[in-house]
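Chains, contacts and geometry: an overview
The primary structure of each chain is shown beneath.
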Amino acid sequence: MINKQAFEGIYNFEWDKGNSTKNYLKHKIAQYECEEIFGNNPLVVRDETHSQKESRFLAYGETNKKLLLAVVYTIRNKNIRVISARPASRKERYIYERGT
């Protein structure tokens, strides 16, 4: 697990046009909601299974309206680049509640 220090020096979000609309079309998750979780004490774990080219992370966190999301992202040029976002599953909600 990764603590808040993992976000030191990271100030912006970088959005791929396809990913910014894909999350909304598929899960009704807006771009700003993905960004909100990073300011609300997310639980972050490394995603070791998916990418060999760059480090990926999975953040479980709440939006300002208390919707719990699972957000997969990477860090590029000191920016958070969201790859995908969706509502957290029952198992993920349990992980989040136990980890925070």
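An account of the accompanying structure is given in this report.

Overview of the pairing of strand β5 (residues 79-87)
- As judged from the three bridges shared by strand β1 (residues 12-14) and β5, these two strands associate in the parallel manner. Residue pairing in the sheet places N12 in a bridge with N79 of β5.
- In this sheet, β5 lies alongside strand β4 (residues 68-76) in antiparallel orientation, the contact comprising eight bridges. Pairing of Y73 across the sheet is with V82, part of β5.

Description of helix α1 (residues 17-27)
- Looking only at α1, the buried set comprises N19, S20 and N23. Along the axis of α1, the buried residues cluster in a sector spanning 105°; they form a single face. Turned more than 90 degrees from where α1 packs its buried face, K17, L25 and K26 sit exposed.
- In this structure, the buried side of α1 is in contact with α2 (31-37) and β5.
- Near the N-terminus of α1, the side chain that reaches the backbone nitrogen of G18, with its oxygen 2.8 Å away, is that of D16.
- Note on α1: the residue one or two positions beyond its end, K28, has a positive phi of about 60°.

Procedures and definitions
Residues numbered from 1 in each chain as written. Predicted model: local features only at pLDDT ≥ 70, side-chain atom pairs only at ≥ 80, totals over all residues. Heavy atoms only, no water. Pairing = 2+ DSSP bridges. Helix = DSSP H or I, 4+ residues; strand = E, 2+ residues; numbered from the N terminus. Buried < 20%, exposed > 50% of the residue type's maximum accessible area, 1.4 Å probe, protein only. Arc of directions from axis to C-beta. Contact = heavy atoms within 4.5 Å. Polar contact = N/O pair within 3.5 Å; in protein donor to acceptor, adjacent residues only side chain to side chain.

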